[in-house]
Amino acid sequence: MAYHGHGWGVNDVGKSRQAYGYLGEQPVLLPLRNSEPVREKPHYLGHRDRLRERFAAAGPDALPDYEILELLLFRLIPRADTKPVAKALLARFGTLGEVLGAPVTLLQEVKGIGPAIALDLKVIAAAASRMARSEIKGREILSSWEKVLDYCHTAMAFEAREQFRILFLDKKNALISDEVQQQGTVDHTPVYPREVIKRALELSATAIVLVHNHPTH
């Protein structure tokens, strides 16, 4: 029998208990303190691991230029996908050797290459040039003429001014020294035979190879 005065009736109390019981059975979700949202692993990290594994297993000859360039850029650009940057560099300059031989100012024209990265690429280029020079020096260069051409191309690629370069050889056609004799303008460089002969005598060279570039071509 319900009470009709002020307050709850029997039916009302039953309904309120049902409502309380219904609400009380619901799980309470509380935010976890010091929790961070789960972040997905960047896709390029897996690519980097796979590329390193391929290099280790198959060697550098199994990878095209853009993947070798990617490997170099991994350390220079640690938190980004380097494949587009590598391909953009090759599209701009042509080959891996030409990328490393390009001036800092031109490298920075490629999206993703800042001053620090451009300078790091030039450090890599210097190391490659030293290595190529050490491989040639002391050997009969006429028996590895292709390596000499590759070395000169790497050393002089994208040079803004004309150079007159001389490879001094001994009687066995082994390299004694590689020197830039003269620096010119964009389309001209002077050559002084007296200076060439003088330097050859100083080095006791019995043969020389003259190298000249054309930056405007």
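Residues numbered from 1 in each chain as written. Predicted model: local features only at pLDDT ≥ 70, side-chain atom pairs only at ≥ 80, totals over all residues. Heavy atoms only, no water.

Here's the deal with the overall build of the protein
Within the protein, the secondary structure is distributed over nine helices and three strands. Shown N-terminal to C-terminal, the secondary structure of the protein runs as helices and strands in the order α-α-α-α-α-α-α-α-β-β-α-β. The buried share of the protein, taken over its 217 residues, is 31%. Pairs at least 24 apart in sequence give 51% of the contacts found in the protein among residues at least 6 apart. (Helix = DSSP H or I, 4+ residues; strand = E, 2+ residues; numbered from the N terminus. Buried < 20%, exposed > 50% of the residue type's maximum accessible area, 1.4 Å probe, protein only. Contact = heavy atoms within 4.5 Å.)

Overview of the nonpolar core
Core analysis: the largest hydrophobic core is formed by 25 residues, its most contacted members being Leu-69, Leu-73, Leu-89, Leu-107 and Ile-113. Mapped onto this core, the elements with two or more residues apiece are helix 3 (65–76), helix 4 (83–93), helix 5 (96–101) and helix 7 (115–136). Sort the elements by how many residues they give to this core and helix 3 lands first, with six residues. Once you skip the residues sitting within four places of it in the chain, Leu-69 turns out to touch Ala-86, Leu-89, Leu-90, Leu-96 and Val-99. Grouped together as the second largest cluster of nonpolar side chains are 12 residues, Ile-141, Tyr-151, Met-156 and Leu-167 included. (Core = buried A, V, L, I, M, F, W, Y, C linked by side-chain atoms within 4.5 Å.)

A look at the side chain of Ser-177
Inspection of the secondary structure assignment puts Ser-177 in strand 2 (residues 175–183). Classification of Ser-177 as buried rests on a relative accessible area of 11%. Each residue touching Ser-177, except ones within four places of it in the same chain, is listed here: Arg-133, Ile-166, Leu-167, Phe-168 and Leu-203.

With respect to the packing of helix 3 against helix 4
Interaxial distance between helix 3 and helix 4 falls to 9 Å at its minimum, and their mutual angle equals 125°. Taken as axis vectors, helix 3 and helix 4 run oblique relative to one another. Like other packed secondary-structure pairs, helix 3 and helix 4 cross with a definite hand, here right-handed. Every residue of helix 4 that contacts helix 3 at Asp-65, Tyr-66, Leu-69, Glu-70 and Leu-73 is listed here: Lys-83, Val-85, Ala-86, Lys-87, Leu-89 and Leu-90. Across the contact of helix 3 with helix 4, the residue classes break down as seven nonpolar, no polar and four charged. (Axes fitted to C-alpha atoms, helices over the stretch in contact; angles between N-to-C directions. Parallel < 35°, antiparallel > 145°, perpendicular 65-115°, else oblique. Left-handed = near helix turned anticlockwise from the far one by under 90°. Nonpolar A, V, L, I, M, F, W, Y, C, P; charged D, E, K, R; others polar.)

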